[in-house]
4 protein chains.
Amino acid sequence: MTPKVGIVGYRGYSGAELVRLLERHPSVQPVLLDHRSEDGARSPIRDSNPPVRLPCSPETITNEGLVIVFLATSPEVSMDLAPAMLHAGACVVDLSGAFRLGNPETYSAWYHETHSQPAFLADAVYGLPEYFRGRIPAARLLSNPGCYPTAANLAIAPLVQAGVVDRSAGIVCDAKSGVSGAGRKPSLKTSFCEVTENFSAYNILRHRHVPEVLMVSHLEEREFSFTAHLLPIDRGILETIYFRATGVERAEDLLAIYEKRYSAEPFIRLYEPGHSPDLRAVARTNFCDIGVTFDARSGRAVVVAAIDNLVKGAAGQAIQNMNLMLGLPETEGLL
Amino acid sequence: MTPKVGIVGYRGYSGAELVRLLERHPSVQPVLLDHRSEDGARSPIRDSNPPVRLPCSPETITNEGLVIVFLATSPEVSMDLAPAMLHAGACVVDLSGAFRLGNPETYSAWYHETHSQPAFLADAVYGLPEYFRGRIPAARLLSNPGCYPTAANLAIAPLVQAGVVDRSAGIVCDAKSGVSGAGRKPSLKTSFCEVTENFSAYNILRHRHVPEVLMVSHLEEREFSFTAHLLPIDRGILETIYFRATGVERAEDLLAIYEKRYSAEPFIRLYEPGHSPDLRAVARTNFCDIGVTFDARSGRAVVVAAIDNLVKGAAGQAIQNMNLMLGLPETEGLL
Amino acid sequence: MTPKVGIVGYRGYSGAELVRLLERHPSVQPVLLDHRSEDGARSPIRDSNPPVRLPCSPETITNEGLVIVFLATSPEVSMDLAPAMLHAGACVVDLSGAFRLGNPETYSAWYHETHSQPAFLADAVYGLPEYFRGRIPAARLLSNPGCYPTAANLAIAPLVQAGVVDRSAGIVCDAKSGVSGAGRKPSLKTSFCEVTENFSAYNILRHRHVPEVLMVSHLEEREFSFTAHLLPIDRGILETIYFRATGVERAEDLLAIYEKRYSAEPFIRLYEPGHSPDLRAVARTNFCDIGVTFDARSGRAVVVAAIDNLVKGAAGQAIQNMNLMLGLPETEGLL
Amino acid sequence: MTPKVGIVGYRGYSGAELVRLLERHPSVQPVLLDHRSEDGARSPIRDSNPPVRLPCSPETITNEGLVIVFLATSPEVSMDLAPAMLHAGACVVDLSGAFRLGNPETYSAWYHETHSQPAFLADAVYGLPEYFRGRIPAARLLSNPGCYPTAANLAIAPLVQAGVVDRSAGIVCDAKSGVSGAGRKPSLKTSFCEVTENFSAYNILRHRHVPEVLMVSHLEEREFSFTAHLLPIDRGILETIYFRATGVERAEDLLAIYEKRYSAEPFIRLYEPGHSPDLRAVARTNFCDIGVTFDARSGRAVVVAAIDNLVKGAAGQAIQNMNLMLGLPETEGLL
């Protein structure tokens, strides 16, 4: 029997992307869980297969036999809902930042509020399959990575592990994201007239996604400079990463590190030296594309990494995690 | 009598911006010089003041008494035209890269072709008024700075001069530009369908504008990492600049360096610490806006600089230089 | 002494455009009137001439000697504020729809609420200078036209007056507007991710701007089909108007009607037959550009009219009216 | 064995969309046919399944056993290639306008050049499945409809057939298209800086797609006014259609006509009265969405139809036709 999976927050951009991807997933059946009254979307009257909608409650989950519930909600709502969902017997895949950081102190330092469910932090599994694939199948509370850290860690961690980063000079990650990363709630900052023909930096050096990079890539905060920018596009994240390489002679040496680390990874694509991805290459896909540039005389290196923030940066990676949790092929519904 | 100034390349984006700005300049009269047959633009029949159009030749310049000729052309065309213009008695303001670098070797290294007029390089004046104002009034061949270096030098040079940059760690300049910076000639790279909802890096670590920054800010190439990116907007450049500061305790210390250096500058605007400019703030203006962020614990600093690439990055700065060359108020026609 | 003019609603898109245009107007001094606490905008600390800001009250107007107050507010707020402003001795230029329609019944029919100040409707002057120039200088309450009707009436009224429209077949006006026409208040409909790469019709056959066209162009509702559309751009309105022409043999005959009617108009520009304006041609200007196409065999005609919705469609036209009210040259500050 | 299908012009926007859709089609194997040297696209080195590429020649088609060749080329190239392809034994699905109009005179009148292969016009089948489904399976030369006429005919033909259109007043079709409809060849008109924040009408009353509407919807040219517009978006066509309805009392009556005509159609979606589609609803789908508005007092009706110009307007409809020609389920690979 096809397992049922629930989605809370299906009207938001990440939630809607989850619905879009799960509707064509061959091995699960999506159910929309109504957390609160959500505004209706116009839809054609001939749309013959309206999705099942249910109230969001532990009873629903128990009665309907939902095996996994996706929380595409704010950290506050995720902290409210996750314990009851787990108690009702469902596994939880949380797309918010609520359970990503291992302890409540780090959470408070970056989210500027007290964590209301600290007891759940220790057992939450950080769902970056390329790094924590072994722990994901047994996870009951899976914390889906942030969009910026997904690209950053996939680009940076292999280099740090290989020991080619001159950490004394630090790593710069200049990150640019489409507007959907800011969520669907209307605000002046994401209004069309404010964004079109504009571009700006925000959260300079203090974005709440930074600790996820420190945690996975094993960096100190003083070694990692991160600035987020708002692109006048719907979706996509491109990060331009600068560092000084040691023990490296050619761009091919850097590429070889990635080749070795990611040879079996289905969602990492590498570019030949001198080439780098654009956002069009990854739009609506679960790929993370990576390109390398290197100046041999000075040791300066630049890595460009690109993902779709709503897919590999949110809903797609959540489904990749779901596949692992359900014992399905990791790429099912994602290629 | 109002001095006449000629414009070659008035159909290109920089040239058209020159025409737009010069038409409302109170103290000069613009004349369009037809270098070659240019495609006509549709215009309303009631547009009552069509600009004067003349063939582009030394005779024209002599007969019409043009005191300055703007070359909004490619480096190749500028090298072709500048000598004859100068010989005919006009001063030249060249918006191309032809005469920006002080010697033909540097030109060849970055432009990948031999300089055809090396004899003119020594006397060309680099027209960044904030740094070379004293030499501009007497210039006969004025070389207008590149768009990227204008923002980069205005942001970086004061810091290097003040000695607060840890040069061993290097400076990263992550630059993003609107599409008009690529010129008006149609190409697949600047086609609407390729650019919209897209974003990409290009000329990573090897953009031809780099040597202008090394020259003005007195940096070594190995100290300066520059990557250009293409924004899906018409106009604007935003540069995010990363470095480690020494001898600095607070963001206000960095701001004070700028305040001191630029207190008398009419086209530099500074932001309070924690704030930084967006492109909307500088669109269609000759301003360069600068904002500073600083992490006192680690010494990491980020400077964001924004200009309109067609104004302070091209036509506006060219008029600022013209004003200085003609003894007019420096801001005339630009506020 | 330079007369002072007040602006209520200066944070909205029309109000901000008023401020932008009035700041460079040589003959008036703008004063911002704070109707309620408005969100602050980031601005550079070097912005040396912050505008004067005052509370919005009749006392302010009396004490400060404001001769005109612009209301860039909603109809509800305009109905609240206009009577007190007038009582305090200022003339009012209202950019809302509150006082455009001559009687409260028409207002109720199209705005779906009762008019709270019906006594002021009779004396309000509809400020389309090309049609009501004679009445504007003496106006105390000037009602600035809607953006869509400005383009529509300037295109349609001369044709109806000349008797060349086959009214039995009706006139179709297919109108497209940039997002700034919807105002600055954040909403899902004007969020970047909802608008970019999208396009839609709204208020089909029942837009509240329709009665302004019926009133000025002397049409019956059944003769005029109007649909508004939302363009994924910041500013600009383009209307494509279809009708069957009688007594016309060539496109030039239609053009001649416009030429005759608008020969002395400073803000109307006409195109040669076969050409029509795009929005770029009118952006940031007070012009209304008009082009004509005609099929002689069938009598079908198409007129394309373009304006900037924030300038000729709002703030620019308001200043044009102000100039007339103050006895200034009509084009002052607008060319 | 999976039938092989060839694609000529796979670098163009319609051709690339064909490749994208055919790569995930379960029942055919796409082969790229190189008509001439085409510019390479950057692609990641890990893209493990590069498509088969072959020279474009009758020998290729014979040897490789291609059963269908798609021509995503200009009319001129299609006229050159189609006869040889047919002679070599392949069926041809031509996406150009070369074979859409039944006789060479009509072609000359609208395409302004002589048809070089008039002998093939009589047997070419016009591939609008909703109207010519019966003839498509036996077609050897299938002419895929134009993008504008696809939406226009699906919206207009049922109304004309039902006799509810007051033809004396005429039908207005105001059509707006994304830039991909203009093809991939770089030109100033489709350059980013010319299109962004802009909007314009083109080919007013004389677009070459008009005769396809006259042919399918059985209209006279004098009854049908069509204007195309260029939207600053990548993909999508929205058409706003105006007419006077006779014998109709409510919007539901118009909707009922569509319901009856399209009850079995898999790719037509209808909206409730008062609602109409936007382009987001049909992006990257093969649907044509239709909404109806009606003013009972005056009989004025507006129909809004939306498609993705590259899918239902080109590649998707071509695959729909291919499915019918190969005896596959009509929706295969398209849902």
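Each value, and the rule that gives it
Residues numbered from 1 in each chain as written. Chains lettered and ligands numbered in written order. Predicted model: local features only at pLDDT ≥ 70, side-chain atom pairs only at ≥ 80, totals over all residues. Helix = DSSP H or I, 4+ residues; strand = E, 2+ residues; numbered from the N terminus. Rg over C-alpha atoms; globule rule 2.2 N^0.38 Å. Buried ≥ 20, exposed ≤ 12 C-beta atoms within 10 Å, placed from the backbone. Contact = placed C-beta atoms within 7 Å. Nonpolar A, V, L, I, M, F, W, Y, C, P; charged D, E, K, R; others polar. Pairing = 2+ DSSP bridges. Expected span 1.5 Å × (residues − 1). Arc of directions from axis to C-beta. Domains from an automatic or database assignment. Least-squares fit on C-alpha atoms with pLDDT ≥ 70 in both. Axes fitted to C-alpha atoms, helices over the stretch in contact; angles between N-to-C directions. Parallel < 35°, antiparallel > 145°, perpendicular 65-115°, else oblique. Left-handed = near helix turned anticlockwise from the far one by under 90°. pLDDT = per-residue confidence, 0-100.

Student: Tell me what's going on with the overall build of chain A, and back it up with residues and numbers.
Tutor: If you tally the helices and strands in chain A, you get eleven helices and 14 strands. Its C-alpha atoms give chain A a radius of gyration of 20 Å, near enough to 20 Å, the size a compact globule of 335 residues would have. With the principal axes as the frame, chain A shows a C-alpha extent of 65 × 45 × 40 Å. Burial statistics for chain A: of 335 residues in total, 56% are counted as buried. Once local pairs closer than 6 in sequence are excluded, the contacts in chain A between residues at least 24 apart make up 69%.

Student: Please provide a residue-by-residue account of the interface of chain A and chain B, values included.
Tutor: On the side of chain B, 35 residues touch chain A, which itself brings 35 residues to the contact. Put simply, the parts of the chain that give the side of chain A that touches chain B at least two residues each are β8 (171-177), β9 (200-202), β10 (224-230), β11 (237-244), α10 (279-282), β13 (288-295) and β14 (300-307) of chain A. Looking at the side of chain A that touches chain B residue by residue, the classes come out as 14 nonpolar, ten polar and eleven charged.

Student: Go over the pairing of β8 of chain A with me, naming the residues and quoting the values.
Tutor: Looking down a regular strand, the side chains alternate between one sheet face and the other. Residue and element names in this part refer to chain A. Burial analysis of β8 places seven of its seven residues in the buried class, which makes it a mostly covered element. Where β8 meets β10, seven bridges bridge the pair, whose relative direction is parallel. By the bridge assignment, I171 is partnered in β10 with F224. In this structure, β8 lies alongside β11, joined through six bridges in antiparallel fashion. Directly across from V172, in β11, lies its bridge partner Y242.

Student: Residue-level account of helix α9 (residues 251-262) of chain D, with values.
Tutor: All names here are of chain D. For α9, with twelve residues, the first-to-last C-alpha span of 17 Å sits near the 16 Å given by 1.5 Å per residue. Listed as buried for α9 are A251, L254 and Y258. Down the axis, α9 shows its buried residues gathered within 75 degrees of arc, on one side only. Of the surrounding elements, those touching the buried residues of α9 are α6 (147-162), β12 (268-270), β13 (288-295) and β14 (300-307).

Student: How would you summarise the domain arrangement of chain A if you had to cite specific residues and measurements?
Tutor: All names here are of chain A. For chain A, the assigned domains read domain 1 (4-145 + 313-326) and domain 2 (148-309). When each unit is reduced to the centre of its C-alpha atoms, the spacing between domain 1 and domain 2 is 25 Å. Contacts between domain 1 and domain 2 engage 18 residues on the former and 19 residues on the latter. For the side of domain 1 that touches domain 2, the secondary-structure elements that each account for two or more residues are α4 (104-111), α5 (129-132) and α11 (311-326). Ranked by residue count, the leading element in the side of domain 1 that touches domain 2 is α11, at five residues.

Student: Explain the relation of the copies chain A and chain B to me, and be specific about the residues and the numbers.
Tutor: Screw-axis analysis of chain A against chain B gives a translation of 0.0 Å along the axis, an RMSD of 0.0 Å, and a rotation angle of 180 degrees. Such a turn and shift between the copies fits a two-fold axis. Taking the C-alpha atom as reference, chain A places A169 of chain A closest to the rotation axis, 2.3 Å from it. Comparing interface residues between copies, 100% of those in chain A also sit at the interface in chain B, which points to an isologous, same-surface contact.

Student: Residue-level account of the sheet that holds strand β1 (residues 4-8) of chain B, with values.
Tutor: Working definition: the strands of a sheet are paired by backbone hydrogen bonds and lie parallel or antiparallel to each other. Residue and element names in this part refer to chain B. What the seven strands build is an open sheet, ordered β3-β2-β1-β4-β5-β7-β6; its pairing is parallel. Two strands lie at the open edges of the sheet, namely β3 (53-55) and β6 (125-126), each paired on one side alone. Sheet strands touched by helix α1 (residues 13-23): β1, β2 (29-34) and β4 (66-71). Its angle to β1, the strand with the most contacts, is close to 160 degrees. Running at roughly 160 degrees to strand β5 (residues 91-94), helix α3 (residues 75-87) makes contact with β1, β4, β5 and β7 (141-143) of the sheet.

Student: Which residues make up the packing of α6 of chain D against helix α8 (residues 210-217) of chain D, and what are the values?
Tutor: Angle between the axes and distance between the axes: these two values describe a pair of packed helices. Residue and element names in this part refer to chain D. The N-to-C vectors of α6 and α8 enclose an angle of 30 degrees; their axes lie 9 Å apart at closest approach. The orientation of α6 with respect to α8, classified from their angle, is roughly parallel. Read as a crossing pair, α6 and α8 show a hand that is right-handed. Across the interface between the two elements, P149, A152, N153, I156, A157 and V160 of α6 pack against E212, V213, V216 and S217 of α8. Grouping the constituent residues of the contact of α6 with α8 by class yields seven nonpolar, two polar and one charged.

Student: Please set out the packing of helix α1 (residues 13-23) of chain C against helix α11 (residues 311-325) of chain C residue by residue, giving values where relevant.
Tutor: All names here are of chain C. Across the interface, α1 lies against α11 with an axial gap of 9 Å and an inter-helix angle of 45 degrees. When the axes of α1 and α11 are compared, the pair comes out oblique. For the pair α1 and α11, the sense of crossing is right-handed. Residues S14, E17, L18, L21 and L22 of α1 pack against V311, A314, A315, G316, A318 and I319 of α11. The residue makeup of the contact of α1 with α11, split by class, is eight nonpolar, two polar and one charged.

Student: Tell me about the environment of V93 of chain A, and name the residues and values.
Tutor: Residues and elements named next belong to chain A. With respect to the element layout, V93 can be found in strand β5 (residues 91-94). Residues V93 and A318, spaced 225 residues apart in sequence, show a C-alpha to C-alpha distance of 6.8 Å. Among residues more than four places away in sequence, those in contact with V93 are I68, F70, L142, N144, A318, N321 and M322.

Student: Now, about the confidence of the model for chain A: what can you tell me, with residues and values included?
Tutor: Residues and elements named next belong to chain A. With 95% of its residues at a pLDDT of 70 or more, chain A shows a mean pLDDT of 94. Scored below 50 in pLDDT, residues 38-42 shows three contacts in the model against residues more than four places distant or in partner chains. Our summary of model confidence lists the complex with pTM equal to 0.96 and ipTM equal to 0.95.

Student: With reference to specific residues and values, describe the pairing of strand β11 (residues 237-244) of chain B.
Tutor: By the criterion of burial, β11 of chain B is predominantly enclosed, with eight of the eight residues buried. Here β11 of chain B shows two buried faces, one formed by I237, E239, I241 and F243 of chain B and the other by L238, T240, Y242 and R244 of chain B.

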